[in-house]
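Here are the chains, one letter per residue:
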Amino acid sequence: MAQRLHIGAATVKTHISRLLTKPDAETRVHLVIQAYESGLIMPGRSSSAS
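Residues numbered from 1 in each chain as written. Predicted model: local features only at pLDDT ≥ 70, side-chain atom pairs only at ≥ 80, totals over all residues. Heavy atoms only, no water.

Turning our eyes to something else, we now look at unusual backbone geometry. Excluding glycine, residues mostly have negative phi values, and the peptide bonds linking residues are mostly trans. For His6, which is not a glycine, the phi torsion comes out positive at approximately 60°. Take His6: it is sitting in the loop between α1 (2–5) and α2 (9–20). Assessed through its relative accessible area of 72%, His6 is described here as exposed. (Helix = DSSP H or I, 4+ residues; strand = E, 2+ residues; numbered from the N terminus. Buried < 20%, exposed > 50% of the residue type's maximum accessible area, 1.4 Å probe, protein only.)

Here's what the structure looks like:
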């Protein structure tokens, strides 16, 4: 993820940690579920495409 976003791994970890402090965010898996439900990410779309 860090490489794709051109940021450091520590920055990714910081962002994930901050997301996990939000209400209704219990685990990383739950964050992914929320992203799907909100339309932020869609099934079948590859995140590795440039």
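Counting all residues, the mean pLDDT for the chain is 85, and 88% of those residues have values of 70 or more. Taken element by element, the chain is modelled with least confidence in helix α3 (residues 28–38), mean pLDDT 89, and with most confidence in α2, mean pLDDT 92. (pLDDT = per-residue confidence, 0-100.)

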